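Residue-level listing of the chains:
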Amino acid sequence: MTLNLTTGARHATTTADPMSLLEDPSAGRARLRPSHHLPSGLGAGWRRRLVLAVWLGLGCFTQAQPLAPAAKSEEPIDNSHCYECHDDLKDRYQVGFHSALSCLQCHPNAAPHNRNPDDHAAGVDYRWESCGACHKYQYETMKMDDPVRVGAFGGTPANPHTASKTNDFPLLNKLIAGHGFAVEYNEERSHNYILKDHIDIQRKQNPACIQCKSTAVAYNWGKQWQGIHLDETADWQQVIARIPQDTRSYGMACSHCHDPHAPRLRIVRKALQDAIAKKGVNPYWPEKNAPSFDAADRQHQQNLVCAQCHVEYTCGPGTDKVVRDHFPWAKARDLHQHYTDVFGYQQDWKHALTGEPLIKSQHPEAETFWESKYERAGASCASCHMPKLTWGGKTFTSHWMTSPFKYLDRHLMGDRQYGAYPCAECHKVEAHTLLNQARRVQQHVFDLQQQTQQALSDAIDAIVAAKSAQTSGSVIDASQLKEAIRLHQLAHVRWENLVVSENSMGFHNPEEVLLELGKAVDFARQAQLRALRATRPFEAEHPY
């Protein structure tokens, strides 16, 4: 069975010659002849090339996985009727192969909406399977899941509840005591489960986080949506209840990154759009810092679609109980000053042991990648995480979006389906040599972060002891204690941002991560010393 592109209905597959579609549209797989689908005034040669290209592109219909039932409508609709209200989409939509599709294809209930827009919403089909009918190979790789730990750290667990972050960071729960992530904080599975795992986790959730897990939520953020106002103050359970059931596992649709009305990338995350409006697409690369997504070069656009989620942002109630949805759009070294200036350092939580505010970073892969040797060499997220694969003679961009280690591992095993060597685009080194070198880099970062963990733990103990002595009536040097608290904050944000919340164990920017971790150890030990001196003011004035 295949899809009729005019009505969205299913009909039997035929083996008609593609050129016969010009003479008898009903004889083939798709009806391409109606005048509202092809621009007027085009010669037969142009039409032949278009039909042949569409035929080749839609050949995957017969190979794709079984699809969910198509949206039902009592009547076909002419796209020109939609343009009467949605004129802003007309020029965009008439470029590329999607112009041959009826609006009904992706907008269930479009026909009654056309008749009475006030009473019927057109709806949006967010299912991967719908795009997979044509984009088979992208769909197959997008839903790929490989619960294997190829490297020494992180990995993709079969069961996230057995893969706590504390496996790699045993002191984590002490260092983030009092934060919800101390309740449960696991390694991530593939994109196939991002919404499911968000729903299933034990810690309390916030609706702002759902923007990374559901395109329906991200796209409608800030609007009235299914009877509720969708923003960071919305009720989490009510938002989840309104997400389509058939996307409850992955949530994030292809249209999160791809404009469905034109052959181009796009971003839908409102906080990222706001950040770009204020700081540009990359405030750490002035020569490339375009003022908007559309003005950015291809490298930055590919990074920005990932930065909708792989980025640091505030998402829960702060110490002042205010809920925020904000992208600082800044590197780890600048977050302390940014949050001090913008929110008075109240955007996150107070540490349960020290009683002092700290920054809880999210997943700042985009900012960490900034200024790296890879970025400056022209690489994007897609260069390593979405390499080209070849199946059945067709070369396409992988949408597995996994660790390059997994592509490399399969490449070395001789896997011709998912194996790839994306590093070869820049490096002329044997794959196994480069893989071992990457693992050594990660090990260096891990060893240094272990020292940082211990230093942070010792700093917390010293600060707690100084505050306890103060409470019991002992004389305390308040200025020393205040400085100890500040130094601990500077150390904490670097460690937690760059190696715990960031998911590459430093590999996205090894030089910067090692430098900042070195600073973090120094700041933490200084914090410990200041707190000790705070309880011994005489010794502080008369050191040995």
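For the structure given in this document, a descriptive report is provided here. Since we're looking at a predicted model, the values are computed, not measured.

Regarding the packing of aromatic side chains
Within the structure shown, the criterion is met by 15 aromatic pairs. Joined through ring pairs, the aromatic side chains of Tyr 137, Trp 391, Phe 396, Trp 400, Tyr 407 and Tyr 418 make up one cluster. Residue placement shows Lys 360 over the ring face of Phe 181; its charged tip is 4.4 Å from the ring centre. In this structure, Arg 376 packs its charged tip against the face of Trp 285, placed 4.3 Å from the ring centre.

As for helix α21 (residues 510–534)
Given 3.6 residues per turn, any residue in an α-helix points the same way as the ones three and four places further on. Here α21 spans 36 Å end to end across 25 residues, near enough to the 36 Å set by a 1.5 Å rise per residue. Those residues of α21 not exposed but buried are Pro 510, Glu 512, Val 513, Glu 516, Leu 517, Ala 520, Val 521, Phe 523, Ala 524, Ala 527, Ala 531 and Ala 534.

Observations regarding the pairing of strand β8 (residues 394–397)
Sheet topology places strand β7 (residues 388–391) next to β8; four bridges connect them, and they run antiparallel. Each bridged residue has a counterpart across the sheet, and for Leu 389 the counterpart in β8 is Phe 396. The hairpin formed by β7 and β8 contains two residues between the paired strands, and Gly 392 there has a positive phi angle of roughly 55 degrees.

Here's the deal with the packing of helix α14 (residues 332–343) against helix α20 (residues 478–501)
In a pair of packed helices, the angle between the axes and the distance between the axes together describe the arrangement. It is at 9 Å that the axes of α14 and α20 come closest, and there the two elements cross at 130 degrees. When the axis of α14 is compared with that of α20, the two are oblique. In terms of crossing hand, the pair formed by α14 and α20 is right-handed. Contacts between α14 and α20 pair Ala 332, Arg 333, Leu 335 and His 336 from the former with Arg 486, Gln 489, Leu 490, Val 493, Arg 494, Asn 497 and Leu 498 from the latter. In terms of residue class, the contact of α14 with α20 is made up of five nonpolar, three polar and three charged.

The rules behind the values
- For every chain, the first residue of the written sequence is number 1, and numbering continues from 1 onward in sequence order.
- Reporting in this predicted model follows two pLDDT cut-offs: at least 70 for local features of residues, and 80 or more for side-chain atom pairs to be given and counted; totals over whole chains, interfaces and linings ignore these cut-offs and use all residues.
- Hydrogens and waters are ignored; side-chain quantities use all the structure's heavy atoms.
- Only Phe, Tyr and Trp rings are paired, with Trp represented by its six-membered ring, and only when their centres lie within 6.5 Å; those with planes under 30 degrees apart are stacked, over 60 edge-to-face, the remainder tilted.
- Distance and angle both matter: a charge sits over a ring if NZ of Lys or CZ of Arg is within 6 Å of the ring centre and within 35 degrees of the ring normal.
- Helix and strand definitions follow DSSP, with helices as H or I runs of at least four residues and strands as E runs of at least two, each counted in order from the N terminus.
- Each helix should span, by expectation, one fewer than its residue count multiplied by 1.5 Å.
- Accessible area is worked out with a 1.4 Å probe on protein chains only. A residue is then buried under 20% of its type maximum, exposed over 50%, and partly exposed in between.
- Only when DSSP finds a minimum of two bridges between them are two strands counted as paired.
- Working convention: axes come from line fits to C-alpha atoms, limited for helices to the stretch in contact. Angles between N-to-C directions cover 0 to 180 degrees.
- Geometric relationships in this document are graded by angle, where less than 35 degrees denotes roughly parallel, more than 145 denotes roughly antiparallel, 65 to 115 denotes roughly perpendicular, and other angles denote oblique.
- Take the far helix as the reference: if the near one is turned anticlockwise from it by less than a right angle, the crossing is left-handed, and if turned clockwise, right-handed.
- Two residues form a contact once any of their heavy atoms are found within 4.5 Å.
- Think of it as three bins: nonpolar holds Ala, Val, Leu, Ile, Met, Phe, Trp, Tyr, Cys and Pro, charged holds Asp, Glu, Lys and Arg, and polar takes everything else, Gly as well.

Remember, this is a structural readout, not a statement about activity or role.
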